[in-house]
2 protein chains.
Amino acid sequence: MFREAIQQMTGYTPGEQPRREKVIKLNTNENAYPPSPRVVAAIEQAAAGSLQKYPDPVATAFRERAAEVLRSDLPEITPEWILCGNGSDDILTILTRTFVGEGDVLRYPNPSYVLYKTLAEIQGASVDVVDFAPDWTMGDEFAVPVDRLRLAYLANPNSPSGTVVPAERVASLAAAMPCPLVVDEAYGDFADTNCLGLVAENERVIVTRTLSKSYALAGIRFGFAIAQPKVIEQLAKVKDSYNCDMLAIAAATAAIDDQPWLADNRAKVLATRGRMITELRAKGFTVTDSQANFVWCTDSNRNLKELYESLKQMGVLVRYMPYPGWPEGIRVTVGTDEQVDALLALV
Amino acid sequence: MFREAIQQMTGYTPGEQPRREKVIKLNTNENAYPPSPRVVAAIEQAAAGSLQKYPDPVATAFRERAAEVLRSDLPEITPEWILCGNGSDDILTILTRTFVGEGDVLRYPNPSYVLYKTLAEIQGASVDVVDFAPDWTMGDEFAVPVDRLRLAYLANPNSPSGTVVPAERVASLAAAMPCPLVVDEAYGDFADTNCLGLVAENERVIVTRTLSKSYALAGIRFGFAIAQPKVIEQLAKVKDSYNCDMLAIAAATAAIDDQPWLADNRAKVLATRGRMITELRAKGFTVTDSQANFVWCTDSNRNLKELYESLKQMGVLVRYMPYPGWPEGIRVTVGTDEQVDALLALV
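Residues numbered from 1 in each chain as written. Chains lettered and ligands numbered in written order. Predicted model: local features only at pLDDT ≥ 70, side-chain atom pairs only at ≥ 80, totals over all residues. Heavy atoms only, no water.

The name an unreviewed UniProt entry gives chain A is Histidinol-phosphate aminotransferase, with Aeoliella straminimaris as the organism. Recorded in UniProt under Catalytic activity (unreviewed entry), the annotation for chain A is "L-histidinol phosphate + 2-oxoglutarate = 3-(imidazol-4-yl)-2-oxopropyl phosphate + L-glutamate". Recorded in UniProt for chain A, the comment headed Subunit (unreviewed entry) runs: "Homodimer." (UniProt positions renumbered as here; feature names shortened; annotations may be inferred.)

Caption draft 1: The pairing of strand β8 (residues 223–226) of chain A, seen in detail. Residue and element names in this part refer to chain A. Of the two faces of β8, the one lined by Gly 223 and Ala 225 and the one lined by Phe 224 and Ile 226 are each fully buried. Bridging between strand β2 (residues 82–85) and β8 involves four bridges; their strand directions are antiparallel. Its bridge partner being in β8, Gly 85 is matched across the sheet by Gly 223. Pairing analysis gives four bridges linking strand β7 (residues 205–210) to β8, with the strands arranged antiparallel. Along β8, the bridge assignment pairs Val 207 with Ile 226. (Buried < 20%, exposed > 50% of the residue type's maximum accessible area, 1.4 Å probe, protein only. Helix = DSSP H or I, 4+ residues; strand = E, 2+ residues; numbered from the N terminus. Pairing = 2+ DSSP bridges.)

Caption draft 2: Molecular detail of the relation of the copies chain A and chain B. With an RMSD of 0.0 Å, chain A superimposes on chain B once it is rotated by 180° and translated 0.0 Å along the axis. Those values place the two copies in the arrangement expected of a two-fold rotation axis. Minimal C-alpha separation from the rotation axis in chain A is found for Glu 44 of chain A, amounting to 3.0 Å. An overlap of 100% is found between the interface residues of chain A and their copies at the interface of chain B, pointing to a shared contact surface. (Least-squares fit on C-alpha atoms with pLDDT ≥ 70 in both. Contact = heavy atoms within 4.5 Å.)

Caption draft 3: Examining the UniProt feature "domain: Aminotransferase class I/classII large" (unreviewed entry) in chain A more closely. Here, the residues flagged by UniProt with the feature "domain: Aminotransferase class I/classII large" (unreviewed entry) are residues 22–344 of chain A. Between the first and last C-alpha atoms of residues 22–344 of chain A the distance is 18 Å; the span itself is 38% helix and 17% strand.

Caption draft 4: Representation of the domain arrangement of chain A. All names here are of chain A. For chain A, the assigned domains read domain 1 (4–34 + 260–344) and domain 2 (37–258). Of note, the centres of domain 1 and domain 2, computed from C-alpha atoms alone, are 23 Å apart. Taken together, the contacts link 31 residues of domain 1 with 36 residues of domain 2. Taken as a group, Tyr 12, Gln 291 and Trp 326 account for 28% of the area that domain 1 buries against domain 2, more than any other trio of residues on that side. The tally of links from domain 1 across to domain 2 stands at zero salt bridges. One can count 15 residue pairs in polar contact (both at pLDDT 80 or more) joining domain 1 with domain 2. Partitioned by chemical class, the residues of the side of domain 1 that touches domain 2 number 17 nonpolar, nine polar and five charged. (Domains from an automatic or database assignment. Buried area = accessible area lost by both parts, 1.4 Å probe. Salt bridge = Lys/Arg side-chain N within 4 Å of Asp/Glu carboxyl O. Polar contact = N/O pair within 3.5 Å; in protein donor to acceptor, adjacent residues only side chain to side chain. Nonpolar A, V, L, I, M, F, W, Y, C, P; charged D, E, K, R; others polar.)

Caption draft 5: Main features of the side chain of Thr 253 of chain B. Residues and elements named next belong to chain B. With respect to the helices and strands, the residue Thr 253 is situated in helix α9 (residues 246–257). Engagement of the side chain of Thr 253 in a polar contact is seen with the backbone oxygen of Ile 249, the distance being 2.6 Å. With residues up to four places along the chain from it excluded, the contact list for Thr 253 reads Ala 61, Phe 62 and Arg 65.

Caption draft 6: Molecular detail of the packing of aromatic side chains. All names here are of chain A. Counted under the stated rule, the structure contains 24 aromatic pairs over all chains. With a centroid separation of 4.8 Å and an interplanar angle of 80°, the aromatic rings of Tyr 187 and Phe 294 are classed as edge-to-face. Linking Tyr 187 in the loop between β6 (181–184) and α7 (198–201) with Phe 294 in strand β10 (residues 294–298), this pair joins segments that are 107 residues apart in sequence. With 6.3 Å between their ring centres and 25° between their planes, Tyr 308 and Tyr 320 make a pair best called stacked. Highlighted residues: Tyr 308 in helix α11 (residues 304–313) and Tyr 320 in strand β12 (residues 319–321), separated in sequence by twelve residues. Like Tyr 308, the residue Tyr 320 is buried in the burial classification. Within the aromatic cluster, the residues linked to one another by ring pairs are Tyr 12, Tyr 108, Tyr 113, Tyr 116 and Tyr 153. Over the ring of Tyr 33 we find Lys 268; its NZ or CZ atom is 4.1 Å from the centre of that ring. (Phe/Tyr/Trp six-rings, centres within 6.5 Å; stacked < 30°, edge-to-face > 60°. Lys NZ or Arg CZ within 6 Å of the ring centre and 35° of its normal.)

Caption draft 7: Region of the structure containing the interface of chain A and chain B. Facing 68 residues of chain A, the contacting portion of chain B comprises 68 residues. Linking chain A with chain B are zero salt bridges. Element by element, the count of residues in the side of chain A that touches chain B is highest for helix α4 (residues 87–99) of chain A, at six residues. Residues belonging to the side of chain A that touches chain B are distributed by class as follows: 31 nonpolar, 18 polar and 19 charged.

Caption draft 8: Layout of helix α10 (residues 259–282) of chain B. Residue and element names in this part refer to chain B. Its 24 residues place the ends of α10 35 Å apart at the C-alpha level, agreeing with the 34 Å of an ideal helix rising 1.5 Å per residue. When α10 is considered as a whole, its buried residues turn out to be Trp 261, Leu 262, Asn 265, Val 269, Thr 272, Arg 273, Met 276, Ile 277 and Leu 280. Tucked inside the fold, the buried residues of α10 contact α2 (37–47), β9 (286–287), β10 (294–298), β13 (329–333) and α12 (337–344). Just downstream of α10, Gly 284 is the residue with a positive phi angle, here 100°. (Expected span 1.5 Å × (residues − 1).)

Caption draft 9: Representation of the nonpolar core. Within the largest apolar cluster, 133 residues are counted, with the highest numbers of intra-cluster contacts made by Phe 62 and Phe 222 of chain A together with Phe 62 and Phe 222 of chain B. The dominant element in this core, judged by the number of residues it contributes, is α9 of chain B, at ten residues. Ignoring anything within four residues of it in the chain, the contact list for Phe 62 of chain B reads Cys 84, Leu 211, Phe 222, Phe 224, Ala 252, Thr 253 and Ile 256 of chain B. (Core = buried A, V, L, I, M, F, W, Y, C linked by side-chain atoms within 4.5 Å.)

Caption draft 10: Highlighting the UniProt feature "modified residue: N6-(pyridoxal phosphate)lysine" (unreviewed entry) in chain A. Residue and element names in this part refer to chain A. With numbering matched to this structure, UniProt assigns "modified residue: N6-(pyridoxal phosphate)lysine" (unreviewed entry) to Lys 213. With respect to the helices and strands, the residue Lys 213 is situated in the loop between β7 and β8. There is a polar contact of 3.1 Å between the side chain of Lys 213 and the backbone oxygen of Thr 28.

Caption draft 11: Representation of the packing of helix α3 (residues 60–70) of chain A against helix α9 (residues 246–257) of chain A. Residues and elements named next belong to chain A. In the contact formed by α3 and α9, the axes pass within 9 Å of each other and the chain directions differ by 20°. If you check the angle between α3 and α9, you find them roughly parallel. For the pair α3 and α9, the sense of crossing is left-handed. Every residue of α9 that contacts α3 at Ala 61, Phe 62, Arg 65, Ala 66 and Val 69 is listed here: Ala 252, Thr 253, Ile 256 and Asp 257. The class makeup of the residues in the contact of α3 with α9 is six nonpolar, one polar and two charged. (Axes fitted to C-alpha atoms, helices over the stretch in contact; angles between N-to-C directions. Parallel < 35°, antiparallel > 145°, perpendicular 65-115°, else oblique. Left-handed = near helix turned anticlockwise from the far one by under 90°.)

Have a look at this one:
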């Protein structure tokens, strides 16, 4: 009855989303703060409009505003370089379906975002997993051709490490690669650099972004891809006609329009992140230098699975992430200063 | 660079969505009226909550309320029988990906919803199109096994005809069929009967619904599938983790909770539909008896493409739909009485 590929796979398990309000939730990299007040106002205005009408199928208002905002990193950008989706997940699904068919190969790094594996499995494709070096640099093998390799994903900044492969390195990997490279910049706004500029240089580089993290809008589901217009054209065939709802479009447009809010939020997150790294190191953890809104902690002297469990008992959720062959670790979202103090008091 | 299947296909073209406010929009079967006021209140309340947090990945609140509402048609239903999606489109995409692989066959009737073809094309599958009889009944050939037939769609009520294949007939077709049958009840709330009861009798019958039409929420994108729990379990592997946003979940839950609004809206739409059919017939059109919120008009004495164009010039949008081998027709959404009067004055 079902496709063999679907029946065989286990499916992706997202981080726990407890419905209780009391939990200090540092497990799924949500922003520590609520979004710009302009977002709430935009939603209220949209809700008072024509909910019975279909939304703009291509989210024109958002794309126009986003093109202006991103021009400093990518001077060539126009709305035709942008495809919007129902969260980054929708964008990653569209990309995978556009490039990867049954029996094809999808490449991604390890340890990284394990959703890439699920996306390949749904397509009936196989995966080619390339390990990071222990210092989280990426070797040339990431660009080596293999039979039926059709797409590569690079989370940059990477999760769980929070590390970045520099844009020049990404450019040379992309140039050597036989297939498109998707640079998943879900956490890009928290980093010092990004790969947007590469999109103009190489039609096979595609950058994805989300409003879930840096714009504090995980609840509304809005992400987008930046690629050359001829690529966007093909991706658009694969998306659902009305994949972004009118409230999400209104919210996302108001959010990206409020760049002062983004700058202020980023500064707060980065300040707390710096303090977290210092204090967690002082407590004996090995913590990578993070360019995202979370930190990756390992510690060969602690049982981190037990630590995760005991923190959970005490109402603090972090993400315990065992990657076979790698030191187990906990990934901790940068929370508010109060949340971080609560965590630090317990570890 | 792209999958061959994607490069070859043209992609689905949704109905026109003019951004101008002045148009009388009777082309995409949106509800003539705004949704329940409780919906707007629910959205405002949700927007004042935690937009920075991920939504409930399985829309529990909606599923619990929907199960109660649907129990009269399907006594066995519990929340485990329901999968929610980002509009019916998302649900149809999930279903197609779960059952139909490259080289497989997807069956659907003609004339009907042409998106089914696009869904097959994206999968690299082929289609087996079975014509309705001229009186819009469906023959036994719809159930005949063919090699690699993996899924069949039946829009019921059908678009563009607005006609219904009775549940007993659907049951016998499903029983004879070698694959699952999806009964797409996007317009089901406007009909006299539905196929929900068949889901308990036959694990290969899946019913889909949307809040876009009968609940006047096309703008928020919310649909759902009803199937036996072991089927829902497999479908859930294919959906994006957070495919419904928190505002849509809040809106949809409030909408399905307001059954008196649904009954009142339905009564208004059906009254106007009856009047439209009578008056359009009086003007010489052949109009099928509709069980949906639109009517299908043919007329061998009129050039309907020209009529569509001239109506558009005058600010009234209807859908001109030529199906090869069938009489061309225009599909007209049931609008408000004022909108319908404006249309009738022009044809």
